[in-house]
Amino acid sequence: MIIEQFINEKITQIRAYIIAVINHSLHYTELDQFVENTMAEWTLLHVSDETPSNARERVFWHIMHELSLHSANDLDRDLYFKSEISTCLDFFSGTGSYPIDCIGWRPIP
């Protein structure tokens, strides 16, 4: 699987997971597990370049790192965090602009 295909698939999936957690139709632990599984899958690609290929990928990695630092449960408890993640989702859907404080780098195993 090529990197761009992997990222595009994961963007679609993470959007669905985050929206479901925000809407309380999915338990936050499912999103936490998705993040863990995605990181494990990423290591199987043996990527050695930490520079994302485009803005969508940078935003994806920003979300992944933020969710790794916070629990997905914070989407319910921390309004600033929820707003930051919502801004990223708006960017993915084409209804928002690039998040100001977005710093997304590919993790290197």
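Model, not experiment: these values are computed from the prediction.

### Notes on the overall build of the protein
The helix and strand tally for the protein stands at 5 helices and 0 strands. Rg of the C-alpha trace for the protein: 13 Å, near the compact-globule value of 13 Å for 109 residues, within the 12% margin. By its C-alpha atoms, the protein is 35 × 30 × 20 Å across when sized along the principal axes. Nonlocal contacts in the protein, meaning residues at least 24 apart in sequence, comprise 72% of its contacts between residues at least 6 apart. For the protein, the accessible surface area stands at approximately 6,100 Å², while carbon and sulfur atoms represent 53% of it. Taking the 7 positively charged and 16 negatively charged side chains of the protein as two groups, their mean positions are separated by 5 Å.

### Some details on the nonpolar core
Membership of the largest hydrophobic core comes to 26 residues, with the highest contact counts inside it found for I14, I18, L31, F60, I63, L67 and F92. Listed by contribution, the elements that provide at least two residues to this core are α1 (3-22), α2 (28-44), α3 (55-69) and α5 (79-93). Ignoring any residue separated from it by four or fewer positions in sequence, one finds I63 in contact with I14, I18, I85, C88, L89 and F92.

### A short note on the pattern of salt bridges
All chains considered together, the criterion is met by 3 salt bridges. Put simply, E41 and K10 hold a salt bridge, and the shortest N to O gap is 3.1 Å. Of this pair, E41 sits in helix α2 while K10 sits in helix α1; the two residues are 31 residues apart in sequence, bridging distant segments of the chain. Here E41 falls in the partly exposed class, since its relative accessible area comes to 34%. In this structure, R106 and E57 form a salt bridge, with 2.5 Å as the shortest nitrogen-oxygen distance. A residue pair is termed long-range when its members are at least 10 positions apart, and R106 in the segment after α5 and E57 in helix α3 qualify at 49 residues. Across the pair, E57 and R106 agree in class, each one buried.

### Details of α2
For α2, built from 17 residues, the straight-helix expectation of 24 Å at 1.5 Å per residue is met to within 8% by its first-to-last C-alpha distance of 25 Å. Taken as a whole, α2 has its buried residues at L31, D32, F34, V35, T38 and W42. The arc enclosing the buried residues of α2, seen along the axis, measures out at 155°, which places them on a common side. Summarising the geometry of α2, the exposed residues directed more than 90 degrees from the buried face are E36 and L44. Tucked into the core, α2 has its buried residues touching α1, α3 and α4 (74-77). Backbone geometry just after α2 places H46 at a positive phi near 55°.

Criteria and cut-off values
- Residues numbered from 1 in each chain as written.
- Predicted model: local features only at pLDDT ≥ 70, side-chain atom pairs only at ≥ 80, totals over all residues.
- Heavy atoms only, no water.
- Helix = DSSP H or I, 4+ residues; strand = E, 2+ residues; numbered from the N terminus.
- Rg over C-alpha atoms; globule rule 2.2 N^0.38 Å.
- Contact = heavy atoms within 4.5 Å.
- Areas by Shrake-Rupley, 256 points an atom, 1.4 Å probe, with all protein chains shown as cover.
- Lys, Arg positive; Asp, Glu negative; His and termini not counted.
- Charge placed at Lys NZ, Arg CZ, Asp CG, Glu CD.
- Core = buried A, V, L, I, M, F, W, Y, C linked by side-chain atoms within 4.5 Å.
- Buried < 20%, exposed > 50% of the residue type's maximum accessible area, 1.4 Å probe, protein only.
- Salt bridge = Lys/Arg side-chain N within 4 Å of Asp/Glu carboxyl O.
- Expected span 1.5 Å × (residues − 1).
- Arc of directions from axis to C-beta.

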